[in-house]
Amino acid sequence: GMGKTRLAAEFLRSLDRSACRVVYARCQSHRQHTPYVPLVDLLQRWWSIEEADTVAAIAAKAGDALHAAQMPADAAGAHLLRLLGAAVDPLHARTCSPQELRAQTFAALHAMFDHYSQQQPLVMLIEDLHWIDATSEAYLGALASRLTARRLLLLVTFRPGYRPAWPTQSIYTQLALAPLADEESRALVRATR
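Now for a description of the structure that goes with this document.

What counts as what
Here the residue numbers are simple positions, counted from 1 along each chain's written sequence. Reporting of local features is limited, given that this is a predicted model, to residues whose pLDDT is at least 70; pairs of side-chain atoms are given and counted only at 80 or more, and all residues count toward the totals for whole chains, interfaces and linings. Based on all heavy atoms of the structure, the side-chain values leave hydrogens and waters out of the count. Secondary structure elements are taken from DSSP: a helix is a run of H or I of four residues or more, a strand is a run of E of two residues or more, and numbering for both begins at the N terminus. We compute the radius of gyration from the C-alpha atoms alone; for a globule the expected value is 2.2 Å times N to the 0.38, where N is the number of residues. Classification of residues uses two cut-offs on accessible area relative to the type maximum, computed with a 1.4 Å probe and protein chains only: under 20% is buried, over 50% is exposed, and between them is partly exposed. The contact definition used throughout considers only heavy atoms, calling two residues in contact when any of these lie within 4.5 Å. For the accessible areas, the method is Shrake-Rupley and the probe is 1.4 Å, while residue cover comes only from the protein chains on display. By the counting scheme adopted, Arg and Lys are positive, Glu and Asp are negative, and His together with the chain ends is not counted. Charge positions are represented by NZ for Lys, CZ for Arg, CG for Asp and CD for Glu. Convention adopted: a line fitted to C-alpha atoms gives each axis, helices being fitted over their contacting stretch, and angles between N-to-C directions are expressed from 0 to 180 degrees. Each angle is binned into one of four classes, with values under 35 degrees roughly parallel, values over 145 roughly antiparallel, values of 65 to 115 roughly perpendicular, and all other values oblique. Handedness of a crossing follows from how the near helix is turned relative to the far one, being left-handed for an anticlockwise turn of less than a right angle and right-handed for a clockwise one. The nonpolar class holds Ala, Val, Leu, Ile, Met, Phe, Trp, Tyr, Cys and Pro. Asp, Glu, Lys and Arg form the charged class, and all remaining residues, Gly among them, are polar. Here a Phe, Tyr or Trp ring, Trp counted by its six-membered ring, pairs with any other such ring whose centre lies within 6.5 Å, and the pair is stacked when the planes are under 30 degrees apart, edge-to-face when over 60, and tilted otherwise. Any two strands are treated as partners once DSSP identifies two or more bridges connecting them.

### Section: the overall build of the chain
Each helix and strand in the chain was counted, giving 8 helices and 3 strands. For the chain, the succession of helices and strands along the chain, N to C, is α-β-α-α-α-α-α-β-α-β-α. Relative to the compact-globule value of 16 Å for 193 residues, the chain shows a C-alpha radius of gyration of 18 Å, a close match. The C-alpha extent of the chain, read off along each of the three principal axes, is 60 × 35 × 35 Å. Within the chain, buried positions represent 39% of all 193 residues. Partitioning the intrachain contacts of the chain with sequence separation of at least 6 by distance along the chain shows that 72% fall at a separation of at least 24. Counting only carbon and sulfur atoms, one obtains 54% of the accessible surface of the chain, whose full area is about 11,000 Å². Taking the average place of the 20 positive charges on the side chains of the chain and the average place of its 18 negative ones, the gap between the two points comes to 4 Å.

### A few points about the packing of helix H6 (residues 98–119) against helix H7 (residues 134–144)
Two elements in contact, H6 and H7, have axes whose closest approach is 11 Å; the angle formed by their N-to-C orientations is 50 degrees. With respect to their mutual orientation, H6 and H7 come out oblique. The handedness of the crossing between H6 and H7 comes out as right-handed. Only Thr-135, Ala-138, Tyr-139, Ala-142 and Leu-143 of H7 make contact with H6, whose side of the interface consists of Arg-102, Phe-106, Leu-109, His-110 and Phe-113. Residue composition of the contact of H6 with H7, grouped by class: 7 nonpolar, 2 polar and 1 charged.

### Concerning the packing of aromatic side chains
Overall, the coordinates contain 7 aromatic pairs when judged by the stated rule. A ring pair is formed by Trp-46 and Phe-113, whose centres lie 6.3 Å apart and whose planes are at 10 degrees; its orientation type is stacked. With Trp-46 in helix H2 (residues 37–46) and Phe-113 in helix H6, the pair connects residues that are 67 residues apart, well separated along the chain. Like Phe-113, Trp-46 is buried. Summarising the aromatic geometry, the rings of Phe-158 and Tyr-162 are spaced 5.3 Å apart at their centres and angled 65 degrees between planes, so their arrangement reads as edge-to-face. Of the two residues, Phe-158 and Tyr-162, both sit in the buried class. Linked through ring pairs, Tyr-36, Trp-46, Trp-47, Phe-106, Phe-113, Tyr-116 and Tyr-139 together constitute an aromatic cluster.

### Quick look at the packing of helix H4 (residues 75–83) against H6
Helices that pack against each other are described as a pair by the angle of their axes relative to one another and the distance between those axes. Where H4 meets H6, the axes come as close as 8 Å, and the angle between the chain directions of the two elements is 105 degrees. In this view, H4 runs roughly perpendicular relative to H6, as classed from their interaxial angle. In this structure, H4 uses Ala-76, His-79, Leu-80, Arg-82 and Leu-83 to contact H6, whose residues at the interface are Leu-101, Gln-104, Thr-105, Ala-108, Leu-109 and Met-112. Here the contact of H4 with H6 is built from residues that sort into 7 nonpolar, 3 polar and 1 charged.

### Side note on the pairing of strand E2 (residues 122–127)
Counting buried positions over the 6 residues of E2 gives 6, a clear majority of the element. Because side chains alternate across E2, one face comprises the buried residues Leu-122, Met-124 and Ile-126, and the other comprises Val-123, Leu-125 and Glu-127, equally buried. One ladder, built from 6 bridges, connects strand E1 (residues 21–26) with E2; its direction is parallel. Bridged to Ala-25 within E2 is Ile-126.

### Examining H4
Those residues of H4 not exposed but buried are Ala-76, Gly-77, His-79, Leu-80, Leu-81 and Leu-83. Of the residues flanking the end of H4, it is Gly-85, one or two places downstream, whose phi is positive at about 85 degrees.

### What to know about the sheet that holds E1
The strand order E1-E2-E3 describes an open sheet built from 3 strands, whose pairing is parallel. In this open sheet, the two strands that pair with only one neighbour each are E1 and strand E3 (152–156). When the angles between neighbouring strand axes are averaged without regard to direction, this sheet yields 15 degrees. Relative to E3, E2 is paired through 5 bridges, and the arrangement is parallel. What sits directly across from Ile-126, in E3, is Val-156.

No statement about biological role is implied by the geometric values presented.
As structure tokens, then:
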């Protein structure tokens with residue numbers, strides 16, 4: 001690679017973790033047609049949800065996380081549980097149109113990120129955006145349009161050729177990484193010994 005992951009990791013390492021909260025997710029090539037993959041990954045990592053957890057365990061961990069953040073586990077919490085596969089009201093999901101369900105899910109995610117960022121600045125890293133699913137890309141575009149009034153830094157990595165949905169906004173800065181020259185590569189290898 002070009003060093004995207006390493007650069008992001010060094011940036012995160014430089015942060016004072018007592019002054020901000022860092023959340024992380026990664027897009028996956030084999031799941032780029034599955035909605036919400038990086039957002040589910042982010043919630044699972046953030047709330048320590050394991051693949052082997054039962055529905056009850058997922059609901060308990062999510063409930064504990066929302067309670068600890070003093071965020072009410074209302075309709076927003078129900079949509080977050082649905083994303084995690086621990087739906088508490090599957091009938092509601094069947095009676096809503098896909099557009100309504102998506103709008104409600106986006107609102108729940110916005111409410112959660114807004115709530116957490118009011119408590120403490122939030123740094124959100126999403127890696128490998130070139131593999132993002134369309135629904136998550138739409139959500140991140142919607143989130144990016146709200147960043148000016150939030151204490152939230154959205155940091156994404158992607159390969160050349162991919163174009164995020166929000167590049168024309170004034171809040172967007174892109175750092176293009178050029179390949180290292182031969183001598184720079186050798187110096188990097190020597191420095192890691």
